[in-house]
Amino acid sequence: MRIAVFGATGMAGREIVAEGIRRGHRVTAGSRTNPLSSSVEALAPVRIDVADRQHVERVLSTVDAAVLSVRLPSGREREIAGLTGSFLDAAHVADVLVLIVGGSAPLRSPDDPSVLVVDDRDVVPEAWLPIARASLAQFAATMSAATIQLMVKSQGSMRGGLEPLRCRWTDLARVVLTVRWILFA
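Residues numbered from 1 in each chain as written. Predicted model: local features only at pLDDT ≥ 70, side-chain atom pairs only at ≥ 80, totals over all residues. Heavy atoms only, no water.

(A) Fine view of the overall build of the protein chain. Summing up its helical and strand segments, the protein chain has six helices and five strands in all. In the protein chain, the succession of α and β elements from N to C terminus is β-α-β-β-α-β-α-β-α-α-α. The burial tally for the protein chain puts 40% of its 185 residues in the buried class. Sequence separation of 24 or more characterises 59% of the internal contacts of the protein chain that already satisfy a separation of 6 or more. Just so you have it, the protein chain exposes about 10400 Å², and 54% of that area is on carbon and sulfur atoms. (Helix = DSSP H or I, 4+ residues; strand = E, 2+ residues; numbered from the N terminus. Buried < 20%, exposed > 50% of the residue type's maximum accessible area, 1.4 Å probe, protein only. Contact = heavy atoms within 4.5 Å. Areas by Shrake-Rupley, 256 points an atom, 1.4 Å probe, with all protein chains shown as cover.)

Below is the structure:
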């Protein structure tokens, strides 16, 4: 499988790239700042900014699936929802499956299930609110018609439903590369 990982130099992105290569996939590792360097034949590093829609479309046209695992610099958090929507539109045009690695803001508080964690100061301190709110907006952007269409694309329906998932960051890469079979098999 050919996979593009956008945000390949971040915490989750690095693990996803490593797991993809370990499993024998060809991985395009995209980063806005410093692309990964490697002599591994299965790894194709590329410098890319997800705000550059045309470049994103060119990369997506070369892969079977993509992972969006990006975070913006402090002060630019609010831009993530728009960038995610644009990325999903490009993926829709390219007919590419997408998995988005996002934050925990859309989850429910462990103390009160009627409250989102973004609104629970015991879980999300005041200092983390900008990124948590951006995470919630990013989640909302993923619920567009194009995203739902990507989730059900050629099979016509999603099987098994979505269940709450808890995993360590190091396990996330395994989840990313098996989620296609869980949802689309």
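(B) Spatial organisation of the sheet that holds strand 4 (residues 65-68). In space, the five strands of this open sheet follow the order 3-2-1-4-5, with parallel pairing throughout. Every interior strand has two partners, whereas the edge strands, strand 3 (43-47) and strand 5 (97-100), have only one. Geometrically, the sheet is characterised by an average inter-axis angle of 20° between neighbouring strands, direction not taken into account. Sitting on the sheet, helix 2 (residues 53-60) touches strand 1 (2-6), strand 2 (26-31), strand 3 and strand 4, and the angle it makes with strand 1 is about 155°. The sheet contacts of helix 3 (residues 80-94) involve strand 1, strand 4 and strand 5, and relative to strand 5 the element is tilted by about 160°. (Pairing = 2+ DSSP bridges. Axes fitted to C-alpha atoms, helices over the stretch in contact; angles between N-to-C directions.)

Scope: geometric values only; no functional claims are made or implied.
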